[in-house]
Amino acid sequence: MNIKIGKRNIGPTCPTYFIADIGANHDGDLDRAKELIRLAKKAGADAAKFQNFSAKKIVSDYGFKNLIGQQSHQSKWKKSVFEVYQDASISFDWTPTLKEECDKVGIDYFSSPYDLEAIDYLDDFMPAYKIGSGEIDWIEALERMAAKGKPVILSTGAATIGDVQRAVHAIWKINTQLVLMQCNTNYTASEENFKYIHLNVLKTYALMFPDVVLGLSDHTSGHVTVLGAVALGVRVVEKHFTDDTSRDGPDHKFAMDPVMWEIMVKNIRQLEKALGSADKQVAENEKETVIIQRRCLRAAHDLREGEVITRKKIDVLRPAAPGAIPPDKMNEVIGMKLISDIPAGKEFCWGNLQR
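Residues numbered from 1 in each chain as written. Predicted model: local features only at pLDDT ≥ 70, side-chain atom pairs only at ≥ 80, totals over all residues. Heavy atoms only, no water.

Novice: What's the story with the overall build of the protein in this structure? I'm lost.
Specialist: Of the regular secondary structure elements, the protein holds 13 helices and 14 strands. Relative to the compact-globule value of 20 Å for 355 residues, the protein shows a C-alpha radius of gyration of 30 Å, a clear excess of over 25%. Across its three principal axes, the protein shows a C-alpha extent of roughly 100 × 40 × 40 Å. Across the 355 residues that make up the protein, the buried fraction comes to 45%. Carbon and sulfur atoms provide 51% of the accessible area of the protein, an area that totals close to 17,700 Å². Of the side chains in the protein, 46 bear a positive and 48 a negative charge, and the two mean positions are spaced by 7 Å. (Helix = DSSP H or I, 4+ residues; strand = E, 2+ residues; numbered from the N terminus. Rg over C-alpha atoms; globule rule 2.2 N^0.38 Å. Buried < 20%, exposed > 50% of the residue type's maximum accessible area, 1.4 Å probe, protein only. Areas by Shrake-Rupley, 256 points an atom, 1.4 Å probe, with all protein chains shown as cover. Lys, Arg positive; Asp, Glu negative; His and termini not counted. Charge placed at Lys NZ, Arg CZ, Asp CG, Glu CD.)

What follows is the structure, given as structure tokens:
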């Protein structure tokens, strides 16, 4: 199934669609957010994505303070979880400006909404809805986004296949335009994380949900996982984007900078060309190779008209001249008679043989 996001067709035979997740990497600065949009476009991204939430509508200050310490990547945060989310949130007033900047440079604008009001507000600004992994069992929100009638992009990190089935079917009942993203939601940027990516889950998604577009939301370093995912059929890729991975902030450490992003896009475009067609045939640039690398049947020595061909009178040698008899037809040639002389080394052709 193909879907359309903005002006781009998205599907199995289309170029990969790249979403630069700027997230919180604007560091609270609108001008910086606009600069990251420009950098993302220059590096080859098709969309720039932000996140719209208010801390009090996404996290419970009481809840996190009463957990046994901060969890996972949050253990390195210098502030409380609530304070980090408060600092990372962007004003809804930024939205028209960010959308305008995206339009100006020719890139799609996204923002993941994390409450019901945000879902409704962002509808006028986005060509599709991106749902973060943490929302996968909030069916109320999934249905609300699906009901907007736009493509839905669903990340599936930290979820079971049952979670995924429930979410997919909830969305499909309303809207069949779905991108289903494999994702691992560990944000520590550890090399150990590669063994938890499980790209082969994409094969499961393709079998269980053949009408979805496959995607990958990735938080590992580099782009090895992206290359593997595209080879497995992914056509929408989301990775975090920043201009400097050494900056302080919750998303910088596992983001890609413009140089790495540009390399990733270039490598994927090369991979897309290399994947090519599923039909095995002689490629256009191999046609001469067929002649110079393959063999044909040739006279082992000077042969005279009327001679009966035996195996000893045949050499199998390169090149395979146009019109020459290929080696797999040898048994048909043996026992036939020559109707003209053939010098040593010349190829046999059907035209100079008879039964």
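Novice: Could you clarify how one ought to interpret the packing of aromatic side chains in this entry?
Specialist: Aromatic ring pairs are reported here in terms of the distance separating the ring centres and the angle at which the planes meet. In total, this model carries 8 aromatic pairs according to the counting rule given. Relative to W261, the ring of F241 lies with its centre 5.6 Å away and its plane at 90°, an arrangement referred to as edge-to-face. Of this pair, F241 sits in the loop between β10 (236–240) and α11 (258–275) while W261 sits in helix α11; the two residues are 20 residues apart in sequence, bridging distant segments of the chain. Look at F241 and you get buried, because its relative accessible area is 0%. The exposure class of W261 is buried, given its relative accessible area of 0%. Among the aromatic residues, those joined into a cluster by ring pairs are F18, F241 and W261. (Phe/Tyr/Trp six-rings, centres within 6.5 Å; stacked < 30°, edge-to-face > 60°.)

Novice: Looking at this structure, how should I read the pairing of strand β11 (residues 296–299)?
Specialist: Every other side chain in a regular strand lies on the same face of the sheet, so the side chains alternate between the two faces. Of the two faces of β11, the one carrying C296 and R298 and the one carrying L297 and A299 are both buried. As defined by bridge partners, β11 adjoins strand β12 (residues 314–317) across 4 bridges and the pair is classed as antiparallel. Bridge assignment links A299 to a residue of β12, and that residue is I314. (Pairing = 2+ DSSP bridges.)

Novice: Looking at this structure, how should I read the packing of helix α10 (residues 224–231) against α11?
Specialist: To describe two helices that pack against each other, one gives the angle between their axes and the distance between the axes. Contact pair α10 / α11: the axes reach a minimum separation of 10 Å and the direction vectors enclose 25°. Classified by the interaxial angle, the pair formed by α10 and α11 is roughly parallel. The hand of the α10/α11 crossing is right-handed. Listed contacts from α11 to V226, L227, V230 and A231 of α10 are M264, N267, I268, L271, E272 and L275. Here the contact of α10 with α11 is composed, by residue class, of 8 nonpolar, 1 polar and 1 charged. (Axes fitted to C-alpha atoms, helices over the stretch in contact; angles between N-to-C directions. Parallel < 35°, antiparallel > 145°, perpendicular 65-115°, else oblique. Left-handed = near helix turned anticlockwise from the far one by under 90°. Contact = heavy atoms within 4.5 Å. Nonpolar A, V, L, I, M, F, W, Y, C, P; charged D, E, K, R; others polar.)

Novice: I keep staring at unusual backbone geometry and nothing clicks. Help me out?
Specialist: Among all residues except glycine, the phi angle is most often negative; among peptide bonds, the trans geometry is most common. The residue after R318, namely P319, is reached through a cis peptide bond having omega -5°. By secondary structure assignment, the location of P319 is in the loop between β12 and α13 (330–333). At A158, a position not held by glycine, the phi torsion is positive, near 55°. Looking at the element boundaries, A158 is found in the loop between β7 (152–155) and α8 (161–172). Residue classification places A158 among the exposed positions, given a relative accessible area of 72%. In this structure, A189 takes a positive phi of about 60° despite not being glycine.

Novice: Just checking my understanding: could you explain the pattern of salt bridges for this structure?
Specialist: When the charged atoms of two side chains lie near each other, side chains of opposite charge can form a pair. Under the defined criterion, the tally for this structure stands at 25 salt bridges. Between E272 and R269 there is a salt bridge whose closest N-O contact spans 3.1 Å. Placement of the pair is E272 and R269 together in helix α11, with a separation of 3 residues, close to one helical turn. The shortest N-O distance in the salt bridge between E284 and K287 comes to 3.2 Å. One salt-bridge network, held together by shared partners, links R8, D46, R269 and E272. (Salt bridge = Lys/Arg side-chain N within 4 Å of Asp/Glu carboxyl O.)

Novice: Got a minute to help me understand α11 in this structure?
Specialist: The terminal C-alpha atoms of α11 lie 25 Å apart, and with 18 residues this matches the ideal 26 Å at 1.5 Å per residue to within 8%. Every buried residue of α11 is accounted for by P258, W261, M264, V265, I268, L271 and E272. Projected onto a plane normal to the axis of α11, the buried residues spread over an arc of 145° and lie on a single side. Away from its buried face, by an angle of more than 90 degrees, α11 presents the exposed residues V259, K266, K273 and A274. Where the residues of α11 are buried, they touch β3 (17–21), α1 (30–43), α10 and β10. The opening residue of α11, the one whose side-chain oxygen lies 3.2 Å from the backbone nitrogen of V259, is D257. In the stretch just after α11, G276 is the one whose phi turns positive, near 50°. (Expected span 1.5 Å × (residues − 1). Arc of directions from axis to C-beta. Polar contact = N/O pair within 3.5 Å; in protein donor to acceptor, adjacent residues only side chain to side chain.)

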